[in-house]
Amino acid sequence: MSTLTAPVSPPPAPARRRQRRTTTDGPSYWMLAPALAFFTVFALIPLLGVAVLSLTNWDGLGTPSFAGLANWQSVFSDPVTLHAMWLTLAMTVLTYVTQAPIAILLGVFMAGSQKYRAVYSVLYFLPLLFSAAAVGIAFKALLDPNFGLSNAFNVPWLSQDWLGSTDLVFYVLIFVIAWCFVPFHSLLYQAGVKQIPTSMYEAAMLDGAGRVRTFFSVTLPQIKYTVITSSTLMIVGSLTYFDLVFVMTNGGPGNATRILPLDMYLTGFRSYQMGPASAIAVILVVVGLVISLLLNRLGGADKMESQQEGA
Amino acid sequence: MNLRTTGGQAPNAIGGLAATFWLLVTIVPIYYILVTSLKPRQEYFGANPLAWPRELTFAAYGRVLENEFALYFFNSALVTVVTVGVVLLISLLASYVIVRNRGAFAKFSHRLFLLGIAIPIQATIIPVYYLIVQLGLYDSLLALILPGIAFAIPISVLILTNFLRDIPSSLYEAMTLDGASHWQMFRELVLPLSKPAIMAVGIYDALQVWNGFLFPLVLTQSSEVRVLPLSLWTYQGEFAVDIPAVLAAVVLSCLPILAAYIIGRRQLVAGLTAGFSK
């Protein structure tokens, strides 16, 4: 694999010091080399390596041996993995339709200037103090069927085996994910809404637009790029809800919450089948990249680019 | 009166109610974590889990601290400081070249880094594991630092290049006329001027590394090199029924971020949303 570094290693650049140059010359590529080297060795090569490993038999200890497309065949015929794909799709859709509206409305709310909104905003931030692993552990305790919420108020509705019931657990996870990630996205929206010129609201008011109308015809169009950025992060992020699910349910009960990233981990590092696990990883990479690119196009590629580059 | 949110109408009662509901949703689990961590072990099994403790005690915190918490904390701090320090230096250097060098290779590198942003890190963990084992680094802090640096580069370069583009070229030109080398320009112009961006990127990267779970789970094993998020998970196994201690560890693990939030809320928020909000 080391040969792969060749095309991206920096070309020999003249490193003559103290020599006057014109500004178009620019600083030497050697200053780019450390970042490029780290990125190549520990991110780019693994990215290509995962495709290579998906064509091998490897138990995680010995030497990988070539296996052709066998892993791909087994991945696409394994009911557990197929179920994981379905779960991941369902999770992506459900987490998006719950998180996005809450985050947008909360962002608009937080952008307001009333005093109590500022106080609320300080408190809304609090979930961001915890790592996803910490959130998972805390909710696991809170949702314990014997000593958690079930035991709190003698309300039958609250006395459920939240994480032990196949019917409930998936929706519980979606709630916990929203709890964990909505604060971040509402911060993005808050920043987006704050940049809308007040004059646009004055105009809408003069036109007699109500609150709902103003939201849909002024606020929402004006935060279009924030919507695209946040949506991309949410959707691609939903392919990586690993820590939380791993800590809270480890895929269970049964395979009820065994989403694709978890399926990859369990197949690779618990069943020691690195080949099929790599094939699953390739699927995750491809899906993630395709979604990012599609959403980029949706927002107008040029504009997204100029936004990314800070123009 | 704020036009943006009230539209010149009466205060938004429905909005206020919904916002208060979400506030409760946000606060109750955090209240639960705090309250439970302050309860004696026996009380956890008996009373209403959301009730205020009949007897406040820091015993659970004591049990966590007796169980190597300081070591895990130190490991996390070390990994975070080294990773973020290296990332900031090499990303700033790279961003300087990308912004100031008009060559095709600089443009190509920039695109390569941008590609890295769209890749789910988790998906490369198997080859990263292979690489770390081959390098003989498995089960060491370096096993966390090296890939950590690589995966923090794309977003750091994105944010820093955005920022560096705003430095007027007249400043560079003035220094060139004075005969300054590119290194001098980097040290005397780029470095001091990009402090706010460095701060924001540093905070963002630090949070990612501090909270990282998958790399430590896969790339380390022994307790000597255990970092905090992983320790929370192992505490959960070790303490089993001692939930107050598990949640005390959760509270302790977020103290540095809480401190940052209290000291510099603005910078922390700017760091979190750096590069995403425009």
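All residue numbers here refer to positions counted from 1 along the written sequence of the relevant chain. Key to labels: chains lettered from A, ligands numbered from 1, both in the order written. With the structure being a predicted model, the display of local features is reserved for residues of pLDDT at least 70 and the display and counting of side-chain atom pairs for 80 or more, all residues being used for whole-chain, interface and lining totals. The basis for the side-chain values is all heavy atoms of the structure; hydrogens and waters are excluded.

Looking up chain B in an unreviewed UniProt entry gives the name ABC transporter permease, with the organism given as Zhihengliuella salsuginis. UniProt positions are given in the numbering used here, feature names are shortened, and annotations may be inferred rather than shown by experiment. Quoted verbatim from the Subcellular location (unreviewed entry) field of UniProt, the annotation for chain B is "Cell membrane". UniProt, in its Sequence similarities (unreviewed entry) section for chain B, records the words "Belongs to the binding-protein-dependent transport system permease family."

A. Local environment of the overall build of chain B. Secondary structure assignment for chain B yields 15 helices and zero strands. Restricting the calculation to C-alpha atoms gives the radius of gyration, and the globule rule supplies 2.2 Å times the number of residues raised to the power 0.38. Over its C-alpha atoms chain B spans a radius of gyration of 24 Å, topping by over 25% the 19 Å that the globule rule assigns to 278 residues. With the C-alpha coordinates aligned to their principal axes, the bounding extent of chain B is approximately 75 × 65 × 30 Å. Residue burial in chain B is summarised as follows: out of 278 residues, 60% are buried. Here, residues are in contact when the closest pair of their heavy atoms is within 4.5 Å. Considering only contacts within chain B whose residues lie at least 6 apart along the sequence, 71% involve residues at least 24 apart. In this text, helices come from DSSP runs of H or I with a minimum length of four residues, and strands from runs of E with a minimum of two, each type numbered from the N-terminal end. For every residue, the accessible area obtained with a 1.4 Å probe (protein chains only) is divided by the maximum for its type, and the residue is called buried under 20%, exposed over 50%, and partly exposed between those limits.

B. Geometry of the overall build of chain A. Along chain A, the regular secondary structure elements total 13 helices and two strands. Taken over 311 residues, chain A has a buried fraction of 53%. Note on areas: these come from Shrake-Rupley sampling with a 1.4 Å probe, and a residue is covered only by the protein chains present in the view. Accessible surface for chain A amounts to roughly 13800 Å². Of this, 65% is attributable to carbon and sulfur atoms.

C. Examining the UniProt feature "domain: ABC transmembrane type-1" (unreviewed entry) in chain B more closely. Feature annotation in UniProt assigns "domain: ABC transmembrane type-1" (unreviewed entry) to the following positions: residues 73-264 of chain B. With 80% helix and 0% strand, residues 73-264 of chain B has end C-alpha atoms that lie 22 Å from one another.

D. Layout of the interface of chain A and chain B. Taken together, the contact pairs 116 residues of chain A with 113 residues of chain B. A 1.4 Å probe defines the accessible area here, and the buried area is the portion of it lost by two parts on being joined, summed over both. Of the roughly 10200 Å² buried where chain A meets chain B, counting both sides, 74% is carbon and sulfur surface. Of all residues in chain A, M31(A), F42(A) and R211(A) bury the most surface against chain B, accounting for 8% of the area lost on that side. Take a side-chain nitrogen of Lys or Arg and a carboxyl oxygen of Asp or Glu: if they are within 4 Å of each other, that pair is a salt bridge. Here chain A is connected to chain B by zero salt bridges. As used in this structure description, the phrase polar contact means that two N or O atoms lie within 3.5 Å; if the pair is within protein, one of them must be able to donate a hydrogen and the other to accept it, and residues adjacent in sequence are counted only when both atoms belong to side chains. Inspection of the chain A/chain B interface yields eight residue pairs in polar contact (both at pLDDT 80 or more). For the side of chain A that touches chain B, the element with the highest residue contribution is helix α1 (residues 33-53) of chain A, accounting for 14 residues. Asp, Glu, Lys and Arg are counted as charged, while Ala, Val, Leu, Ile, Met, Phe, Trp, Tyr, Cys and Pro are counted as nonpolar; the rest, among them Gly, fall into the polar class. Within the side of chain A that touches chain B, the residues separate by chemical class into 77 nonpolar, 26 polar and 13 charged.

E. Geometry of the UniProt feature "transmembrane region" (unreviewed entry) in chain B. As annotated by UniProt and renumbered to match this structure, "transmembrane region" (unreviewed entry) occupies residues 12-34, 72-99, 111-132, 144-164, 197-219 and 239-263 of chain B. With 88% helix and 0% strand, residues 239-263 of chain B has its two end C-alpha atoms placed 33 Å apart.

F. Region of interest: the pattern of salt bridges. Counted under the stated rule, the structure contains four salt bridges over all chains. For the salt bridge of R258(A) with D263(A), the shortest nitrogen-to-oxygen distance reads 2.7 Å. By relative accessible area, R258(A) is classed as buried at 15%. Residue D263(A) is classed as buried on the basis of its relative accessible area, which comes to 0%. Where R63(B) meets D242(B), a salt bridge forms, and the shortest distance between an N and an O atom there is 2.6 Å.

G. Summary view of the packing of aromatic side chains. Centres within 6.5 Å make a pair out of two Phe, Tyr or Trp rings, where for Trp the six-membered ring is used; the pair is then stacked when the planes are under 30 degrees apart, edge-to-face when over 60, and tilted otherwise. Evaluated as defined, the whole model comprises 38 aromatic pairs over all chains. Centre to centre, the rings of W58(A) and Y130(B) are 5.0 Å apart; their planes meet at 80°, and the pair counts as edge-to-face. Residue W58(A) is found in the loop between β1 (56-57) and β2 (65-66), and its partner Y130(B) is found in helix α7 (residues 125-134); the two belong to separate chains. For W58(A), a relative accessible area of 7% corresponds to the buried category. The exposure class of Y130(B) is buried, given its relative accessible area of 18%. The criterion for a charge sitting over a ring is simple: Lys NZ or Arg CZ within 6 Å of the ring centre, and within 35 degrees of the ring normal. Cation over ring: R100(B) sits above Y172(B), and NZ or CZ is 3.7 Å from the ring centre.

H. Molecular detail of the confidence of the model for chain A. Residue and element names in this part refer to chain A. Chain-level pLDDT for chain A is 85 on average; 88% of the residues reach the 70-or-more range. Contacts for the low-pLDDT stretch residues 1-24, under 50 throughout, to residues beyond four places or in other chains number 35 contacts. pLDDT is a residue-level measure of predictor confidence that goes from 0 to 100. Long-range and interchain partners of residues 301-311, a stretch whose pLDDT sits below 50, account for 18 contacts in this model, where long-range means more than four residues apart.

I. View of the packing of helix α6 (residues 166-194) of chain A against helix α9 (residues 224-237) of chain A. Residues and elements named next belong to chain A. The contact between α6 and α9 brings their axes to 10 Å, and the two run at 170°. Classed by the angle they form, the pair α6 and α9 counts as roughly antiparallel. Residues F184, H185, L188, Y189 and G192 of α6 touch α9, and the partners they reach there are T226, V227, S230, L233 and M234. Across the contact of α6 with α9, the residue classes break down as six nonpolar, four polar and no charged. Lines fitted to the C-alpha atoms define the axes, with helices restricted to the stretch that makes contact. Angles between their N-to-C directions range from 0 to 180 degrees. Any angle between 65 and 115 degrees counts as roughly perpendicular, while under 35 counts as roughly parallel, over 145 as roughly antiparallel, and the rest as oblique.

J. A nonpolar patch on the surface, seen in detail. On the surface, a cluster of nonpolar side chains totalling about 420 Å² of accessible area is made up of W86(A), L89(A), V93(A) and V97(A). W86(A) sits in the exposed class, given a relative accessible area of 55%. What makes a patch is a set of residues exposed beyond 30% relative accessible area and free of salt bridges, joined within 9 Å when like-charged and within 5 Å when nonpolar (Val, Leu, Ile, Met, Phe, Trp, Tyr).

K. Summary view of the packing of α1(A) against helix α8 (residues 141-164) of chain B. Running from N to C, α1(A) and α8(B) point in directions that differ by 115°, and their axes come no closer than 8 Å. On the basis of their axis angle, the class for α1(A) and α8(B) is roughly perpendicular. In this structure, α1(A) meets α8(B) at a crossing whose hand is left-handed. Each of A35(A), F38(A), F39(A), F42(A) and A43(A) in α1(A) lies in contact with α8(B), whose residues at this interface are L146(B), P147(B), I149(B), A150(B), F151(B), I153(B) and P154(B). In terms of residue class, the contact of α1(A) with α8(B) is made up of twelve nonpolar, no polar and no charged. The hand of a helix crossing depends on one turn: near helix anticlockwise from the far one by less than a right angle means left-handed, and clockwise means right-handed.

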